[in-house]
There are 4 protein chains.
Amino acid sequence: MTNMPSAGRGDPQDVPESVRAALAAQEIELPSWGFGNAGTRFKVFATPGTPRDPFEKVADAALVHQLTGSAPRVSLHIPWDQVPDFEELAAHATDHGVTLGVINSNVFQDDDYRLGSLASPDAAARAKAVQHHLDCLQVCRATGSKALKIWLSDGLNYPGQDNLWARQERIADGLAEIYAALKPDEQLLLEYKFFEPAFYAMDIPDWGTSLLHCLALGEQAKVVLDTGHHAPGTNVEFIVMQLLRAGRLGAFDFNSRFYADDDLMAGAADPFQLFRIMDQIVAANALAPEAGVNFMLDECHNIESKIEGQIRSVMNVQEATAKALLVDRAALAEAQLTGDVLGANGILMDAFNTDVRPLLAEIRAAKGACADPVEAFRQSGYAERMASERIGGVQASWGA
Amino acid sequence: MTNMPSAGRGDPQDVPESVRAALAAQEIELPSWGFGNAGTRFKVFATPGTPRDPFEKVADAALVHQLTGSAPRVSLHIPWDQVPDFEELAAHATDHGVTLGVINSNVFQDDDYRLGSLASPDAAARAKAVQHHLDCLQVCRATGSKALKIWLSDGLNYPGQDNLWARQERIADGLAEIYAALKPDEQLLLEYKFFEPAFYAMDIPDWGTSLLHCLALGEQAKVVLDTGHHAPGTNVEFIVMQLLRAGRLGAFDFNSRFYADDDLMAGAADPFQLFRIMDQIVAANALAPEAGVNFMLDECHNIESKIEGQIRSVMNVQEATAKALLVDRAALAEAQLTGDVLGANGILMDAFNTDVRPLLAEIRAAKGACADPVEAFRQSGYAERMASERIGGVQASWGA
Amino acid sequence: MTNMPSAGRGDPQDVPESVRAALAAQEIELPSWGFGNAGTRFKVFATPGTPRDPFEKVADAALVHQLTGSAPRVSLHIPWDQVPDFEELAAHATDHGVTLGVINSNVFQDDDYRLGSLASPDAAARAKAVQHHLDCLQVCRATGSKALKIWLSDGLNYPGQDNLWARQERIADGLAEIYAALKPDEQLLLEYKFFEPAFYAMDIPDWGTSLLHCLALGEQAKVVLDTGHHAPGTNVEFIVMQLLRAGRLGAFDFNSRFYADDDLMAGAADPFQLFRIMDQIVAANALAPEAGVNFMLDECHNIESKIEGQIRSVMNVQEATAKALLVDRAALAEAQLTGDVLGANGILMDAFNTDVRPLLAEIRAAKGACADPVEAFRQSGYAERMASERIGGVQASWGA
Amino acid sequence: MTNMPSAGRGDPQDVPESVRAALAAQEIELPSWGFGNAGTRFKVFATPGTPRDPFEKVADAALVHQLTGSAPRVSLHIPWDQVPDFEELAAHATDHGVTLGVINSNVFQDDDYRLGSLASPDAAARAKAVQHHLDCLQVCRATGSKALKIWLSDGLNYPGQDNLWARQERIADGLAEIYAALKPDEQLLLEYKFFEPAFYAMDIPDWGTSLLHCLALGEQAKVVLDTGHHAPGTNVEFIVMQLLRAGRLGAFDFNSRFYADDDLMAGAADPFQLFRIMDQIVAANALAPEAGVNFMLDECHNIESKIEGQIRSVMNVQEATAKALLVDRAALAEAQLTGDVLGANGILMDAFNTDVRPLLAEIRAAKGACADPVEAFRQSGYAERMASERIGGVQASWGA
């Protein structure tokens, strides 16, 4: 029975080896920009010790991996992470025990993009945006990355401002140019977003639009699901399932939202939703790295410790995953097929209500990482050391 | 210049003949159930004179067409409009100057559908649902209708209640069976809905899911866009554009919402949104009947006069259409291409701010309908006559 | 440290006696209508064994109390629970080990209320609504209830339909008449709701409006917070705090929502939100019955077992409460005052992530209730027995 | 009858003199910051000719007044508009035909406010915030302003981050200190906001919270309603009515939103909503300046011309007001009282559908302003002149 007053399925000694193995193998990719300053239009708070360059960001990310054992890659954002020699940066990463991951483009910070990038009515802006993505592909090759991630901030603030349909065609044309430059083992990952920075219409506002573009491009194009990029009330795990079913879920950008694209720590706003998302992943057997879904974080740590924020986010994803792996799938399927509504729900909740922290502590320790990464970080003195060492220069943020 | 203090482009004498012709040719399809009682889970208010059977509903709908000149068809809902002889009902419609339109199925009112219809884990429920749709196709043939409209109320109330992916497969299988029974000149129209009556997950919650099923089925499958079936803040005209671009916008269910699927009169909650939707239609040259988009109403008149509610809804769609037709598209395109954000927006608003009521009154009168349909209805005594004649029997509602 | 790999603060043997005592003393009030059939405007599914009258509803509720040990009262809804002799019903309740609780009025099911009840422009409708509440006060006295709960379905579907301000004045007048009839030890509990059944404007749509009316009435008027009655994204625990601070939180109507007023089981949609709500209650020392807040359920079990749905809801509220009681408040206050954002959040999450089910099982068993109430219910055969005994008659629902 | 095919009540020659007088007397206050650069966290686009200092902002605002005849005051924002000599700035305004209006404080841009301002757990931050407001009162006295407007960005990003209740008490204390410094003819205007920049809980998130603080402070404290600061679906005109009824509507911050606090031009996203808001104002006889409600704009012109954006916003508010003044209130009241739902709605829509642009053009011209302010601005060459004159220096934005 599902609600027994025993400690239940989460007891480390009761957990099947396959679950342990899956958890031990889980990989979460960290965003370099998560270690820089971020904020809102009202204020970006700076914090002592914030990295000044991509090398320092990678060092911070590597620490997160060292502590959690599950964050072996760092995504870069161009031009924020532009360096003279990307192979040097890649070697620096390797030295620190991590590798460089997905390359993120940026077509929202130049004045030329006032009316959009690939969707702009201005041919020069479109050409510039295409070229930027071709340049990013060169970064992929220099860093060893196999995926180019594209989020277009394109959109309209006012009805009538531009022709919605024409903008789709322009985007399709631009994406086709970029896609044509991919090597066979490279991927184009296309993100969508409900609103912001455009307030009337985003040009790629939903998974349907992103998927249509990917289908038109070809098999190497996949959709990125940012958990904060949906309308209020949207059932995100349904979209996860739908994209998996279409064979086009390329990656997650994990973060939390209460209202908009709040970019809080993953699992902070609604841990039950994160669990339901991971439940769809586990149910579809899409957790293992070879399944081809990249589990990435994408967050802004406005007022909290950045490194600790990343650690907690990794742990939150791990906990949601562990709970999803503990779902009794045979019992669940039977309850579902027999129409036992509350029985089926109860089996899911039984896993969610389990305290998996001891299990994960044990698995982390067994991998040589830390049983309690937050406490280990706090006691390491790293934050204080960086605050005293990283003096001078310009702290990394969205602008640099 | 767009904001001149003249009466502007809406003056009947200034309106191009092509605009007049497009408005005169516009066709809006009425829902039979809009003339029956409807309400919320809290209460269904009955009103004197409400039709007791499909023949009386058709008579009321025909009156709306007579007064407005633009509502020549009536959608049926099976089993609410089940009659022994559909050819008799079709002849009755013809006698009243209208024809029967789209056939709507109903798989939400039988106890067998507690866990869903096409998506149910229960094979018998699925088979029953498929058969119901095959029966509806027979109604199409008996009435001369060329389209079967499917809205599945299928969904889950609780996480874990059923397998989201398996339900998609079951739906795909059921739809394929139904689609296989279509004749070459028949259409399957597939609706989507954000929530209600299921509260955790609808099985076809968004345009992306509906479109994926239609693409899998074939060219005769198209998407129905109900204007009230979206998440808060969704840009509906964007979806209109996207479905037109995909060649899969089959029909509208027009109504208004402030919060959920409120089913208020079209144009009542946000007349500017209705205008923006019709603007996409006009911009894509999809207004004319031969363009293949069916402009239907789908409303519940909970506390207001049903016939008057339908009249106003038709007029609201006409007014939005007239404004969309008055947009100066050449000037708009130029402003858009030159990045004149406020100029482009101003051209659109110029059309929206125009008072098109005199123009439409003239067009209606020229067609032999009424310049002021609401006033004509109020003065006709029809409501009072029906209230005194339609005594006894059971008033039509969602249940019968 | 908060994230240690030990089983943590939830271990039954580590839990302070004060926490155990608070949990053992917790009282949750059940709604009689939760045991009857309910549904949406699309369908009300009936289930075998559903009560036919208030006596059978009370019997079912008493079973929930017997199993959980924490649901000693049943709210009534008038006229759904109208009986010839309320003292007989009260005695029946006592015989079953429970008492009758809050009396709920109903001013939404009569044709007279088409334009509203206390807010109606029709004086006769207003007078009828006032009288209904005076009648409900008589039910209070016959049943021993000390509180009259008022939810007004009043509102508008269309802009302009009525004068918003005038409606507030009419409501104020009507409430004043009802309030004047209260005895000194009786309470008027005033609920608010964002939307439904009115779709343009509810007359008491938010806590601010409800509170203004209560402040105008006097100290015996308090606000009811239904957890499903807010706009998307609303921070409900903030309102809990604000009403506690104003001394006017009279009662909860607990249920869950994903989209609207879904009336799902409490804690089913967002268990973290329910925990945050109970955290505010515990922080304000408002949990104990003598603090004056009535913790009531208000749910619709559309497709699931009603009794089991109530049991799970009670357990979900208990679990959220247990977690809230386990928050290390001294450590939390210190982290908050020192601006340790993640430390403070971590202390809260530490309690939320604790598996409190073993603790609650123990406490229930110690009270003579069941360690596992769901399993006990399933094995009791009660559902099957009722299905065979409760044959004939009309099953209770919102209409009767 | 309301829907006659005549040009209707908006014909300039048919409009009552009282309506003309009310429109001619209408005053809208402009935000100085609306003339500086603004944007999102992703990008702030600069435009040629943007003011470099408060004097240039005032000059631009004065041009808007000159063209529209209805914008005689400019709100300042401190420290963005800090100048050595405010009396000089006031004289500069007078020279340009306008006066200085409300003084807006800013407690969101200093590092000290990371945990909040008046609500901060840090006593030094609270003291600094109080002092800033006392300083702003000195600016009021130097500029002749009679109102201090307070928007607190205070809030939490993570559950548990701080004590929600304690923060209310700290805010109450801080506001009391500020209020105590008011002279008898000065006002404290307290704004509320649903979310942003805090993402879990704003400390003053809704009108109820703002009103409770104002009631505690005294008669000189009133609520500011920013039309973009509500949850999705919120009926804003209801709140307008409620605050008027409570005698505490101090001012509007007009702007438009599709999703969040988009700060688009007033009337751009939902002109019908703006009309409904002004309808409540007119119905309550609160339009005239002596009624005490300050009609202010608060917008960000991210990609569009700032001056033209302000002009259009003023015109949009005027148009909504003109339509509200044209509502046939006697007929409306009768339809409302007799329960003629569609008749009443029709009377409101009749006014909304009227093209009031010719009327307003005439009224503006009669005041010596421009019939077509947008066209006049475009032909004036002002934008081009400023672009060539305002070279060097730092363009004004939120940071300076």
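Conventions adopted
Residues numbered from 1 in each chain as written. Chains lettered and ligands numbered in written order. Predicted model: local features only at pLDDT ≥ 70, side-chain atom pairs only at ≥ 80, totals over all residues. Heavy atoms only, no water. Helix = DSSP H or I, 4+ residues; strand = E, 2+ residues; numbered from the N terminus. Buried < 20%, exposed > 50% of the residue type's maximum accessible area, 1.4 Å probe, protein only. Contact = heavy atoms within 4.5 Å. Core = buried A, V, L, I, M, F, W, Y, C linked by side-chain atoms within 4.5 Å. Least-squares fit on C-alpha atoms with pLDDT ≥ 70 in both. Axes fitted to C-alpha atoms, helices over the stretch in contact; angles between N-to-C directions. Parallel < 35°, antiparallel > 145°, perpendicular 65-115°, else oblique. Left-handed = near helix turned anticlockwise from the far one by under 90°. Disulfide = S-S within 2.5 Å. Salt bridge = Lys/Arg side-chain N within 4 Å of Asp/Glu carboxyl O. Buried area = accessible area lost by both parts, 1.4 Å probe. Polar contact = N/O pair within 3.5 Å; in protein donor to acceptor, adjacent residues only side chain to side chain. Phe/Tyr/Trp six-rings, centres within 6.5 Å; stacked < 30°, edge-to-face > 60°. pLDDT = per-residue confidence, 0-100. Pairing = 2+ DSSP bridges. Right-handed = clockwise from strand over helix to strand, strands pointing away. Nonpolar A, V, L, I, M, F, W, Y, C, P; charged D, E, K, R; others polar.

Trainee: For unusual backbone geometry, give the residues involved together with the corresponding values.
Mentor: Here Glu196 of chain C and Pro197 of chain C are connected by a cis peptide whose omega angle stands at 10°. Residue position: Pro197 of chain C is located in the loop between strand S6 (187–191) and strand S7 (201–202). In the segment running from Ile78 of chain D into Pro79 of chain D, the intervening peptide bond is cis, with an omega of 20°. Structurally, Pro79 of chain D is set in the loop between strand S2 (73–77) and helix H3 (86–95). You will see that Glu196 of chain B, though not glycine, has its phi angle at about 80°, which is positive. The class of Glu196 of chain B is buried, set by a relative accessible area of 14%. One non-glycine residue, Asp263 of chain C, lies in positive phi territory at about 55°.

Trainee: Any chance you could break down helix H13 (residues 373–380) of chain A for me, citing the residues and the numbers?
Mentor: Residues and elements named next belong to chain A. Residues of H13 that are buried include every one of Pro373, Val374, Glu375 and Phe377, and no others. Elements in contact with the buried residues of H13: helix H2 (54–68), helix H9 (306–326), helix H12 (357–367) and helix H14 (382–389). At the C-terminal side of H13, Gly381 shows a positive phi close to 75°.

Trainee: Tell me about the nonpolar core, and please be specific about residues and values.
Mentor: Within the largest apolar cluster, 205 residues are counted, with the highest numbers of intra-cluster contacts made by Phe252, Phe254 and Ile281 of chain B together with Phe252, Phe254 and Ile281 of chain D. Ranked by size, the runner-up nonpolar core spans 204 residues in total, among them Val15, Val98 and Leu175 of chain A together with Ala335 of chain C.

Trainee: An account of the relation of the copies chain D and chain A is requested, with residue identities and associated values reported.
Mentor: Once chain D is rotated about the relating axis by 180° and shifted along it by 0.0 Å, it coincides with chain A to within an RMSD of 0.0 Å. Given the turn and translation reported, the copies of this chain are related as if by a two-fold rotation axis. Judged by C-alpha distance, Arg41 of chain D is the residue of chain D that lies nearest the rotation axis, at 2.2 Å. A high fraction, 100%, of the interface residues of chain D reappear at the interface in chain A, so the copies pair face to face through one surface.

Trainee: Account for the environment of Val130 of chain D, naming residues and giving values.
Mentor: Residue and element names in this part refer to chain D. With respect to the helices, strands and loops of the structure, Val130 is situated in helix H4 (residues 123–143). Note on Val130: relative accessible area 6%, which makes it buried. Sequence-wise, Val130 and Ile171 are 41 residues apart; in three dimensions their C-alpha atoms are separated by 10.0 Å. Filtering out sequence-adjacent residues up to four positions away, Val130 remains in contact with Leu118, Gly174, Glu177 and Ile178.

Trainee: Account for the relation of the copies chain B and chain A, with residues named and values stated.
Mentor: Mapping chain B onto chain A is achieved by rotating through 180° and translating by 0.0 Å along the same axis, at an RMSD of 0.0 Å. With an isologous cut-off of 70% or more, the 100% of interface residues of chain B that recur at the interface of chain A puts this contact in the isologous class.

Trainee: Can you break down the packing of helix H2 (residues 54–68) of chain D against helix H9 (residues 306–326) of chain D residue by residue, with the values?
Mentor: All names here are of chain D. Interhelical geometry of H2 versus H9 gives an angle of 40° and a closest axis separation of 10 Å. The angle between the axes of H2 and H9 places the two elements in the oblique class. For H2 against H9, the interelement crossing comes out right-handed. The residues of H9 that touch H2, namely those facing Asp60, Leu63, Val64, Leu67 and Thr68, are Ile307, Gln310, Ile311, Val314 and Gln318.

Trainee: So, the state of the cysteines: which residues are in play, and what are the values?
Mentor: All names here are of chain A. Taken as a whole, this structure holds zero disulfides over all chains when the rule is applied. The thiol sulfur of Cys214 is not disulfide-bonded, and the nearest other cysteine sulfur, from Cys140, lies at 16 Å. Under the relative-accessibility criterion, Cys214 is labelled buried at 0%.

Trainee: Go over H12 of chain A with me, naming the residues and quoting the values.
Mentor: Within H12 of chain A the residues assigned to the buried category are Arg357, Pro358, Leu359, Leu360, Ala361, Ile363 and Arg364 of chain A. Tucked inside the fold, the buried residues of H12 of chain A contact helix H1 (17–25), H2, H9 and H13 of chain A together with helix H11 (341–352) of chain C. Gly368 of chain A, located one to two residues past H12 of chain A, shows a positive phi value of around 90°.

Trainee: Report on the pattern of salt bridges, specifying residues and quantitative values.
Mentor: Inspection of every chain in the model, using the stated rule, returns 121 salt bridges over all chains. The closest approach of N and O atoms between Arg73 of chain C and Glu29 of chain C, which form a salt bridge, is 2.7 Å. With Arg73 of chain C in strand S2 (residues 73–77) and Glu29 of chain C in strand S1 (residues 29–31), this pair connects stretches of sequence that are 44 residues apart. For Arg73 of chain C, a relative accessible area of 18% translates into the label buried. Judged by its relative accessible area of 1%, Glu29 of chain C falls in the buried class. A salt bridge links Arg167 of chain D to Asp162 of chain D, with the shortest nitrogen-to-oxygen separation between them at 2.8 Å. An identical accessibility class is assigned to Arg167 of chain D and Asp162 of chain D; each is buried.

Trainee: Which residues make up the interface of chain B and chain A, and what are the values?
Mentor: Contact residues are listed per partner, giving 51 residues for chain B and 51 residues for chain A. Roughly 4,100 Å² of surface becomes buried between chain B and chain A when both sides are summed, with 65% attributable to carbon and sulfur atoms. Where chain B touches chain A, the interface holds two salt bridges. Note that Arg245 of chain B is salt-bridged to Glu169 of chain A, the shortest N-O span being 2.7 Å. At the boundary of chain B and chain A, one finds 20 residue pairs in polar contact (both at pLDDT 80 or more). Mapped by element, the contributors of at least two residues to the side of chain B that touches chain A are helix H5 (164–180), strand S7 (201–202), helix H6 (207–217), helix H7 (236–245), helix H8 (271–283), helix H10 (329–337) and helix H11 (341–352) of chain B.

Trainee: Describe the packing of aromatic side chains, listing the residues and the values that go with them.
Mentor: Under the defined criterion, the tally for this structure stands at 74 aromatic pairs over all chains. Judged by centre distance (5.2 Å) and plane angle (85°), the ring pair of Phe108 of chain A and Phe42 of chain D falls under edge-to-face. With Phe108 of chain A in the loop between strand S3 (99–104) and helix H4 (123–143) and Phe42 of chain D in the loop between strand S1 (29–31) and H2, this pair bridges two chains. The pair Phe108 of chain A / Phe42 of chain D is uniform in exposure class, with both members buried.

Trainee: Outline the confidence of the model for chain A, listing residues and values.
Mentor: Summarising the model, chain A shows a mean pLDDT of 96, and 97% of its residues fall at 70 or more. Scored by ipTM, the complex comes to 0.96, with pTM at 0.97.

Trainee: Before we move on, can you summarise the environment of Phe194 of chain A with the specific residues and values?
Mentor: With respect to the element layout, Phe194 of chain A can be found in the loop between strand S6 (187–191) and strand S7 (201–202). Here the alpha-carbon distance between Phe194 of chain A and Ile204 of chain A, two residues 10 residues apart in the chain, equals 7.8 Å. When near neighbours in sequence (up to four residues on either side) are disregarded, Phe194 of chain A contacts Met202, Pro205, His229, His230, Ala231 and Pro232 of chain A, Pro232, Gly233 and Thr234 of chain B together with Tyr259 of chain D.

Trainee: Give me the interface of chain D and chain A: which residues, what numbers.
Mentor: Opposite the 40 residues of chain D that make contact, chain A presents 40 residues. When chain D packs against chain A, the two sides together hide about 4,000 Å² of surface, and 63% of this comes from carbon and sulfur. Three residues, Arg41, Phe42 and Tyr158 of chain D, lead the burial of chain D against chain A; their summed loss comes to 23% of the area buried on that side. Counting the contacts that link chain D with chain A gives eight salt bridges.

Trainee: Account for the pairing of strand S10 (residues 294–297) of chain D, with residues named and values stated.
Mentor: All names here are of chain D. The two faces of S10 match: Asn294 and Met296 on one face and Phe295 and Leu297 on the other face are all buried. Bridge count for strand S9 (residues 249–254) against S10 is four bridges, and the pairing is parallel. Within S10, the position partnered with Ala251 by the bridge is Asn294. At this point the chain moves from S9, through helix H8 (residues 271–283), to the parallel S10, and the crossover so formed is right-handed.

Trainee: Would you mind going over the packing of helix H3 (residues 86–95) of chain A against H4 of chain A in detail, with residue names and values included?
Mentor: All names here are of chain A. At a minimum axis distance of 8 Å, the contact between H3 and H4 shows a crossing angle of 45°. In terms of orientation, H3 and H4 fall into the oblique class. In this structure, H3 crosses over H4, and the sense of that crossing is right-handed. For the pair H3 and H4, the contacting residues are Phe86, Glu87 and Ala90 in the first and Val139, Ala142 and Thr143 in the second. Classifying every residue of the contact of H3 with H4 gives four nonpolar, one polar and one charged.

Trainee: Help me get a handle on the side chain of His65 of chain D, residues and values and all.
Mentor: Residue and element names in this part refer to chain D. With respect to the element layout, His65 can be found in helix H2. Overall, His65 belongs to the buried group, its relative accessible area being 17%. In terms of polar contacts, His65 uses its side chain to reach the backbone amide nitrogen of Ala71, at 3.0 Å.

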